[in-house]
Amino acid sequence: MPAVHRGNFSNRQTQFSARRQKIMQQRKSLPIASVEKRLVEEVRKNDVLIIVGETGSGKTTQIPQFLFDAGFCRDGRVIGITQPRRVAAVTVAKRVAEECGVELGQKVGYSVRFDDTTCGSTRIKYMTDGLLLREALLDPYLSKYSVIIVDEAHERTVHTDVLMGLLKKVQLARSSSVGDGQGLNFGKKNLKKVMMSEKENDQSGRFHKMPRHEKYAPLKLIIMSASLDARAFSEYFGGAKAVHIQGRQFPVDIFYTRIAETDYLDASLITIFQIHLEEGPGDILVFLTGQEEIESVERLINEKLPQLPQENKKLLIVPIFAALPSEQQMRVFAPAPSGFRKVILATNIAETSVTIPGIKYVIDPGFVKARSYDPGKGMESLIIVPTSKSQALQRSGRAGREGPGKCFRLYPEKEFEKLEDSTMPEIMRCNLSNVILQLKALGVDDILGFDFIEKPSRAAIIKSLEELFLLGALTDECLLSDPVGHQMARLPLDPIYSKALILASEFNCLEEMLITVALLSVESIFYSPRDKLEEARTATKCFSSPEGDHITLINVYRASNDFLEKRSMEMGIAKTEKVFRKWCKDNYINSRSLRHARDIHKQIKGHVEQMGLNLSSCGDDMLQFRRCLAASFFLNAAVKQPEGTYRALASGQVVQIHPSSVLFRKKPECVIFNELVQTNNKIKFVVVPLNRWPDTGNDNAPNAMLASENNNGWGVYDGFSIALRNKLETSCSPEKMNVAVGDGRRHQVTVFSLDNEKEIGWTLENDNMANNA
DNA sequence: GAGCACTGC
């Protein structure tokens, strides 16, 4: 290897200082630079400050540096900045470390799940909002922070919403009514009162005043938001002051159609060609609602393209959506070949998560596929709905990042005025079980009285409280149970998965359950592109198990493990990584999803080991594992009906097994499922991974299924407990069962024995359950 | 024999 010449070195020095100088200039030219003094002054004067910063103002990178320079990190305290997304936390931290001229992970660092670069001397810490929530579990007063900045608050993720409610309490606790160091006690409520009283008021959320405690210095809060939503935040924080910072965005001309379009896909197609033929150079970004639309528009363009004159055929179509393998996603960043115009067909991923360079034209049909949750049916749905005004603004802004742009909204201007101002916050349309479990763990006992910026419906809260109760996470008084509730709250998983792990420890199949919940926690690991459906099916067939999807998933995981172990002994890590991706590709497995599942597996394994759970394997005894699945997922049980559909026991909802399940044809008598999804308003269903009900039994652990005629009861009788909707629970043994029934009505209950799937009748009456069989 | 936007711990 040639020696490094002195000349080389000083050359690098020069390059380095040239870069520093450039960074200094860039910093100074940001719109925010001129208001540094004023901003710092406002932070000193106000405990809560709302900062409305337009795109390109530099607020995210500059404000933490201003506050650091103004002395907000004295005495080793930290400025924390939260982001809704990992990429943002990582990239912004890298940029700020460079601007400060320090090594990443020292004065400036980031912390996201699976990746923490911070150390004891970190003073400016970028992180995801969910991670700060987790931190609060260990340190309820967030004592090391002097300032917490919640960035992108207008996006209103569940984490952001919960965080703001929590920060409001922490701030109060750290200034006037400081707690006694035992956590934030916000008042206790009795479960029965909570569930039964319809006249709850919101007063109960105020927590007990406690003597002033000198231990904690006051906490400054900064909420950064886009303009439309600033007022809501200000009101929530008692009329907090809002300041506005100019951005640096190029003008975008907005065009509307004269009349409403009946077919927005067709309209998109026409607009694409219109821009291509009539407008100057620049790439086009089209917002569509999903993979299916993207693929069909791509096909339509390619069909029309040959009809164009030779000189106009230079159009490059690039799709992007989250489920697309990373290598294909990367294609959007590559510049189009000379003379070509790039047309990017994207889902919402291009709205905030991915910034694509070179966009001059945006086509916005005005629709989005949105998830919502019906607490009554316990069912999620994905439905195409109109965007909100702020979403439309966000989309059009994508055309003005590098120069003036144009946005074509495929609806009339008067329709825009009718749109909602902002998208409904996620917390209003999701299952709250996880949120509630975390709040309980943070010492918030009265969920109905919690000061949410926007309170979820009472029905949704009650439903989730009930679910947590049935899982054993809450006591009769609606407090976190010990140890189960506390253990569940510690695990970064859906509560039902956490419970499954705890039970698996008793069933001696924790290793199998760890693999299962890791894989259930990620996006599907099976990748089947439409044009290669048959090949994909053949490839995945060798993993599939007649015992259900859960066991099929375990088979894939074990196969990938075997492959990795064998290869990593033969070759280095880098090479292993490469052949691993090849292995995934050959088997039609999404390597990104599998990698993600492996990360989760590793993290959760660490947690359960710390918790002292019994990390054992049931080996090839899958019956034991299926018993454990039945006992864990009893809330998600369904039984076959005469006509071949299924009835979900918890809700009575009629559902069907999704064709992607290995049990789709088999149609076993009883199943447990992983999710219930309704798509596009039809009487659909989707029951993803299923476990076939065990068909051979074991006298010592007689698992059975309970289903009452009027859908009021459900549960799995596993020799330990029966859970019944409407009044809950009791312990029992096979011989003697005492089931408390609050409404005093007679319930006809059917028990499906696992031995031979035969039915045994039970009558449930008041507090007694008598065997009818 | 159908299809699932996007994040996050």
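Residues numbered from 1 in each chain as written. Chains lettered and ligands numbered in written order. Predicted model: local features only at pLDDT ≥ 70, side-chain atom pairs only at ≥ 80, totals over all residues.

Student: Give me the overall build of chain A: which residues, what numbers.
Tutor: Broken down by element type, chain A carries 23 helices and 29 strands. Classification of the 773 residues of chain A by burial places 42% in the buried group. Long-range contacts, defined as pairs at least 24 residues apart, comprise 70% of the intrachain contacts of chain A with a sequence gap of at least 6. (Helix = DSSP H or I, 4+ residues; strand = E, 2+ residues; numbered from the N terminus. Buried ≥ 20, exposed ≤ 12 C-beta atoms within 10 Å, placed from the backbone. Contact = placed C-beta atoms within 7 Å.)

Student: Which residues make up the packing of helix α20 (residues 549-570) against helix α21 (residues 573-586), and what values go with them?
Tutor: Following both chains from N to C, one finds α20 and α21 inclined at 145 degrees, their axes separated by 9 Å at the closest point. Here α20 and α21 pass one another in a crossing that is right-handed. Contact residues: α20 offers Phe563, Leu564, Arg567 and Ser568, while α21 offers Ile573, Thr576, Val579, Phe580 and Trp583. Class assignment of the residues belonging to the contact of α20 with α21 gives a composition of six nonpolar, two polar and one charged. (Axes fitted to C-alpha atoms, helices over the stretch in contact; angles between N-to-C directions. Left-handed = near helix turned anticlockwise from the far one by under 90°. Nonpolar A, V, L, I, M, F, W, Y, C, P; charged D, E, K, R; others polar.)

Student: Just give me the short version of the sheet that holds strand β8 (residues 241-245), but keep the residues and values in it.
Tutor: Strand order across the open sheet formed by eight strands is β4-β3-β5-β2-β6-β7-β1-β8, with mixed pairing between neighbours. One side of each edge strand has no neighbouring strand; the edge strands of this open sheet are β4 (115-116) and β8. Relative to the sheet, helix α3 (residues 59-69) contacts β1 (48-53), β2 (78-83), β5 (124-128), β6 (145-150), β7 (220-225) and β8, its axis offset from that of β2 by approximately 170 degrees. (Pairing = 2+ DSSP bridges.)

Student: An account of the sheet that holds strand β12 (residues 341-346) is needed here, citing residue identities and associated values.
Tutor: In spatial order, the strands read β9-β16-β13-β10-β12-β11; together these six strands make up an open sheet with parallel pairing. Each having just a single partner strand, β9 (252-256) and β11 (315-320) make up the two edges of the open sheet. Neighbour-to-neighbour, the strand axes of this sheet turn through a mean angle of 20 degrees, independent of strand direction. Pairing between strand β10 (residues 283-287) and strand β13 (residues 359-364): four bridges, direction parallel. If you follow Val286 over to β13, its bridge partner there is Ile363.

Student: Could you give an account of the UniProt feature "domain: Helicase C-terminal" (unreviewed entry) in chain A, with specific residues and numbers?
Tutor: According to UniProt, the positions carrying the feature "domain: Helicase C-terminal" (unreviewed entry) are residues 269-443. For residues 269-443, the helix share is 30%, the strand share is 25%, and the end-to-end C-alpha distance is 54 Å. (UniProt positions renumbered as here; feature names shortened; annotations may be inferred.)

Student: I'd like to hear about the environment of Pro412, residue by residue, with values.
Tutor: Mapped onto the secondary structure, Pro412 falls in the loop between β16 (405-409) and α13 (413-418). C-alpha separation for the pair Pro412 and Glu261, spaced 151 residues apart in sequence, amounts to 8.7 Å.

Student: Go over the pairing of β12, please, and point to the residues and values.
Tutor: The buried count for β12 comes to six of six residues, which makes it a mostly enclosed element. Neither face of β12 is left uncovered, since the one carrying Arg341, Val343 and Leu345 and the one carrying Lys342, Ile344 and Ala346 both have all their residues buried. Two elements, β11 and β12, share six bridges in a ladder whose sense is parallel. Across the sheet, Leu315 pairs through a bridge with Arg341, a residue of β12.

Student: Which residues make up the environment of Tyr411, and what are the values?
Tutor: Relative to the helices and strands, Tyr411 resides in the loop between β16 and α13. Sequence separation of Tyr411 and Ile515 is 104 residues, and the distance between their C-alpha atoms is 47 Å. Discounting chain neighbours no more than four positions away, the residues touching Tyr411 are Tyr256, Thr257, Ala260, Glu261, Gly366 and Phe416.

Student: Explain unusual backbone geometry to me, and be specific about the residues and the numbers.
Tutor: Following Asp482, the chain continues into Pro483 via a peptide bond in cis, with omega recorded as 5 degrees. Notably, Asp75 is not glycine yet its phi reads approximately 60 degrees, a positive angle. Within the fold, Asp75 resides in the loop between α3 and β2. Its 7 C-beta neighbours within 10 Å are what place Asp75 among the exposed residues. With a phi angle near 45 degrees, Leu142 is a residue other than glycine that sits in the positive phi range.

Student: Give a description of the packing of helix α17 (residues 495-506) against helix α23 (residues 622-632) that names residues and reports values.
Tutor: It is the contact of α17 with α23, at a shortest axis distance of 9 Å, that shows an interaxial angle of 135 degrees. Comparing the axis directions of α17 and α23 gives the class oblique. For α17 against α23, the interelement crossing comes out right-handed. Contacts between α17 and α23 involve Lys499, Ala500, Leu503 and Ala504 on the former and, on the latter, Cys628, Ala631 and Ser632. Residues of the contact of α17 with α23, tallied by class, amount to five nonpolar, one polar and one charged. (Parallel < 35°, antiparallel > 145°, perpendicular 65-115°, else oblique.)

Student: How would you explain the pairing of β5 if you had to name every residue and give the values?
Tutor: With five of five residues buried, β5 is to be regarded as a mostly interior element. Here β5 shows a buried face lined by Ile124, Tyr126 and Thr128 and a second buried face lined by Lys125 and Met127. By the bridge criterion, five bridges tie β2 to β5 in an arrangement that is parallel. Looking at the pairing, Thr82 lines up with Met127 of β5.

Student: How would you summarise the environment of Leu594 if you had to cite specific residues and measurements?
Tutor: For Leu594, the position within the fold is in helix α22 (residues 591-610). The contact partners of Leu594, leaving out residues within four places of it in the chain, are Ile525, Ser560, Cys584 and Ile589.

Student: Which residues make up the confidence of the model for chain A, and what values go with them?
Tutor: Across chain A, the average pLDDT comes to 79, with 81% of residues at 70 or higher. Note that pLDDT drops below 50 for residues 185-213; the model gives that stretch 55 contacts with residues more than four away or on any other chain. A low-confidence stretch, residues 680-773 stays under pLDDT 50, and its non-local contacts, those more than four residues away or across chains, total 198 contacts. (pLDDT = per-residue confidence, 0-100.)

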